[in-house]
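One-letter residues, chain by chain:
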Amino acid sequence: MDSIVVRGNGPLKGQIPIAGAKNACLALMPATLLSEEPLTLTNAPRLSDIRTMTQLLASLGAEVTALQDGKVLATSCHGEINPVADYDIVRKMRASNLVLGPLLARLGHAVVSLPGGCAIGARPMDIHIDALTALGAEIELKDGYLHAQAKGGLKGAVHEMRFASVGATENFLMAAVLAKGTSVLKNAAREPEIVDLVQCLRAMGAQIEGEGTSDIVIEGVDRLHGATHPVVTDRIELGTYMLAPAICGGEVECLGGKIALVESFCEKLDAAGVAVEETERGLKVKRKNGRINAVDVVTEPFPGFPTDLQAQMMALLCTAEGTSVLEERIFENRFMHAPELMRMGAKIEVQGGHATVHGVERLKGAPVMATDLRASVSLILAGLAAEGETVVRRVYHLDRGYERVEDKLRAVGAHIERVREE
Ligand code: EPZ
């Protein structure tokens, strides 16, 4: 298992290219199941999660070919389709559950393993099940698998979700596009990845309105055709790298970044003393006057502060002047980075969904353990500003969501390297 070694160093300077969004691509790829014609995704990120989704789609009978060094995914699904998404693949990545909606729409039945829990929470699927049941699917849990079928096909319906689940919204949309009649999804997720999926489905011939709002209207069509679609910029990778100059000074331009993707995050950075300027190439970030102020953060569904940036923001607030309170409202166990940051000298008290961070002068490098994707990158950010050397172990978590993080940070002056450990 690889480790990443990072040493605290001075200000960073230069540009970091931001890749296509992992969480958009993981919803776009299963859309290939909806049509016999090819779907080509450009600006695709080169990540292990994308390779896992490729494996899963191949097991279902779809073809995914990575072109141009993995930045273009040529997908197609015109042959025999296997309706079973096997536990061995699904357990590696929860997003595998996004084949449920398209398989039901295309075949009228699907057998998808429950993903099981993960480090940040139990990750149930009740909201997905309610949403697809509303479209006429019958779903039964047997031997850890969801057995779903829609005798006579799916039928349009009006459905309000109890919570604006991102994945359940995506499964509902990919089922409703081929259902008979009109569907309305209320309390839909509003994330940019949802908007991106709708734009791709529309390019394939779907009739959908309202993406980005809480109410999405879908007119079912008989079939979808192929399309070519660019994956939207990754707002979580963007926010992560915006924090690098915030944490250790200097000025970094994140290429491809747009304020609209990270509006609530930028408001918190502004309050913390970080200036963000939109240029024609991206977002330029630097400290306003050398000092970082404590700020309180509450994670919420988009357009609120993203839960996927909570761990990274905590790393910044560990050396802010004053006390910050972070409230995690999306996942039940998403403070595992806190004990690791405390090994570096951070002063953090965790009670349930709240973490209180008392700013300290400076963190000290230490060996730390990555526990989940975003926790691992928050430890690297902390290591950038800490005194001495930080060794982050189990960086396979990192490679799920960040392309070559050491190359991107080294390019702006960070002292960071990947060490292969047998
Ligand atoms: C997506 O997960 C993202 N993953 C997550 O990013 C992100 O943190 C999350 O949305 C919230 O923004 C992908 O897009 C692949 P949810 P998803 O359904 O769809 C509960 C990362 O780091 N819930 O909006 O699984 C659930 O347990 C990952 O890139 C139910 O109770 O998120 C959680 O507490 C981590 N029942 C909350 O809702 C359900 O049926 C949000 O889940 C579904 C969800």
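Given the structure is predicted, the values throughout are model-derived calculations rather than measurements.

### What about the domain arrangement of the chain?
Under the domain assignment, the chain is made up of domain 1 (2-19 + 234-420) and domain 2 (22-230). Counting from both sides, the interface comprises 23 residues of domain 1 and, opposite them, 20 residues of domain 2. Of the roughly 1800 Å² buried at the junction of domain 1 and domain 2 (both faces included), carbon and sulfur atoms supply 53%. Of all residues in domain 1, Phe302, Arg400 and Glu403 give up the largest surface area on contact with domain 2, accounting jointly for 34% of the area buried on that side. Our count for the domain 1 to domain 2 interface comes out at 3 salt bridges. Counting the contacts that link domain 1 with domain 2 gives 7 residue pairs in polar contact (both at pLDDT 80 or more). Its residues assigned to classes, the side of domain 1 that touches domain 2 comprises 10 nonpolar, 3 polar and 10 charged.

### Remarks on the pattern of salt bridges
Following the criterion strictly, the structure yields 28 salt bridges and no others. Linking Asp215 and Lys186 is a salt bridge whose minimum nitrogen-to-oxygen distance equals 3.7 Å. Taken as a pair, Asp215 in strand β13 (residues 215-219) and Lys186 in strand β11 (residues 182-186) lie far apart in primary sequence, 29 residues in all. Judged by relative accessible area, Asp215 falls into the partly exposed class, the value being 36%. Note that Arg334 and Asp308 form a salt bridge whose closest N and O atoms lie 2.7 Å from each other. Of the two residues, Arg334 sits in the loop between β19 (323-327) and α11 (337-343) while Asp308 sits in the loop between β18 (297-298) and α10 (310-317), which places them 26 residues apart along the sequence. Asp308 carries the same exposure label as Arg334, and that label is buried.

### Re the site of the ligand
The ligand sits among 23 residues. The nearest are Ile127, Ser165, Asp308, Ile330 and Arg374. Contact distances for the ligand include 3.3 Å between an oxygen atom and a backbone N or O atom of Pro124. Within the contact set of the ligand, an oxygen atom lies 2.8 Å away from a backbone nitrogen or oxygen of Ile127. Bound to the protein, the ligand loses 89% of the 820 Å² it would expose on its own. Applying the majority rule of atoms within 2 Å of the grid points places the ligand in the largest pocket. The set of elements that each furnish at least two residues to the shell around the ligand consists of α1 (22-28), α5 (126-134), α6 (166-176) and α12 (373-385). For the shell around the ligand, the leading source of residues is α5, giving 3 residues. Counting contributing residues, the shell around the ligand receives three or more from each of domain 1 (2-19 + 234-420) and domain 2 (22-230).

### Some points on empty space enclosed by the protein
In this structure the tally under the stated criterion is 2 cavities of 30 Å³ or more. Its volume calculated, the largest cavity comes out at about 50 Å³. Residue lining of the largest cavity: Ala21, Lys22, Asn23, Glu193, Asp234, Arg235, Ile236, Asp308 and Arg374, and that is the complete set. At the level of secondary structure, the elements contributing two or more residues to the lining of the largest cavity comprise α1 and α8 (235-248). Split by residue class, the lining of the largest cavity holds 2 nonpolar, 1 polar and 6 charged. For the lining of the largest cavity, the domains that each give at least three residues are domain 1 (2-19 + 234-420) and domain 2 (22-230). Of the volumes computed, that of the second largest cavity is approximately 30 Å³. Considering the residues around the second largest cavity, the lining is formed by Ile247, Ala315, Leu316, Thr319, Leu363, Leu381, Ala382 and Ala385. For the lining of the second largest cavity, the elements supplying multiple residues, two or more each, are α10 and α12. Of the residues assigned to the lining of the second largest cavity, the class counts are 7 nonpolar, 1 polar and no charged.

### Brief notes about the packing of aromatic side chains
Counted under the stated rule, the structure contains 2 aromatic pairs. Judged by centre distance (6.3 Å) and plane angle (85 degrees), the ring pair of Tyr241 and Tyr402 falls under edge-to-face. Residue Tyr241 is found in helix α8, and its partner Tyr402 is found in the loop between α13 (396-399) and α14 (405-410); the two are separated by 161 residues along the sequence. Overall, the relative accessible area of 1% leaves Tyr241 in the buried class.

### A short note on the sheet that holds strand β14 (residues 227-230)
Reading across from one edge, β4-β5-β3-β14 is the order of the 4 strands in this open sheet, with mixed pairing throughout. Of all strands in the sheet, those bounded by a partner on one side alone are β4 (63-67) and β14. Strand-to-strand twist of the sheet, defined as the mean angle between neighbouring strand axes without regard to direction, takes the value 15 degrees. Running at roughly 160 degrees to β14, helix α7 (residues 192-203) makes contact with β3 (39-42) and β14 of the sheet.

### Overview of the sheet that holds strand β20 (residues 347-351)
Pairing within the open sheet is mixed, and its 4 strands lie in the order β18-β19-β21-β20. Strand pairing shows two members of the sheet lacking a second neighbour, β18 and β20, which therefore form its edges. Of the pairings in the sheet, the one linking β18 to β19 comprises 2 bridges and is parallel in character. Bridge assignment links Val297 to a residue of β19, and that residue is Leu326. Strands β18, β19, β20 and β21 (354-358) of the sheet are contacted by α10, whose axis makes an angle of about 170 degrees with β19.

### Some remarks on the environment of Thr52
Tracing the chain through its elements places Thr52 in helix α2 (residues 48-60). Thr52 sits 14 residues away from Pro38 along the chain, and the two C-alpha atoms are 20 Å apart. Those residues in contact with Thr52 that lie beyond four places of it in its chain are Ile89, Lys92 and Met93.

About the criteria used
Residues numbered from 1 in each chain as written. Predicted model: local features only at pLDDT ≥ 70, side-chain atom pairs only at ≥ 80, totals over all residues. Heavy atoms only, no water. Domains from an automatic or database assignment. Contact = heavy atoms within 4.5 Å. Buried area = accessible area lost by both parts, 1.4 Å probe. Salt bridge = Lys/Arg side-chain N within 4 Å of Asp/Glu carboxyl O. Polar contact = N/O pair within 3.5 Å; in protein donor to acceptor, adjacent residues only side chain to side chain. Nonpolar A, V, L, I, M, F, W, Y, C, P; charged D, E, K, R; others polar. Helix = DSSP H or I, 4+ residues; strand = E, 2+ residues; numbered from the N terminus. Buried < 20%, exposed > 50% of the residue type's maximum accessible area, 1.4 Å probe, protein only. Near = heavy atom within 4 Å. Areas by Shrake-Rupley, 256 points an atom, 1.4 Å probe, with all protein chains shown as cover. 1 Å grid on protein atoms, 1.4 Å probe; cavity = no way out; pocket = protein on both sides within 12 Å on 5 of 7 lines; lining within 4 Å. Sits in = over half its atoms within 2 Å of the grid points. Points joined across faces, edges and corners; volume = space filled by probe spheres on them. Phe/Tyr/Trp six-rings, centres within 6.5 Å; stacked < 30°, edge-to-face > 60°. Pairing = 2+ DSSP bridges. Axes fitted to C-alpha atoms, helices over the stretch in contact; angles between N-to-C directions.

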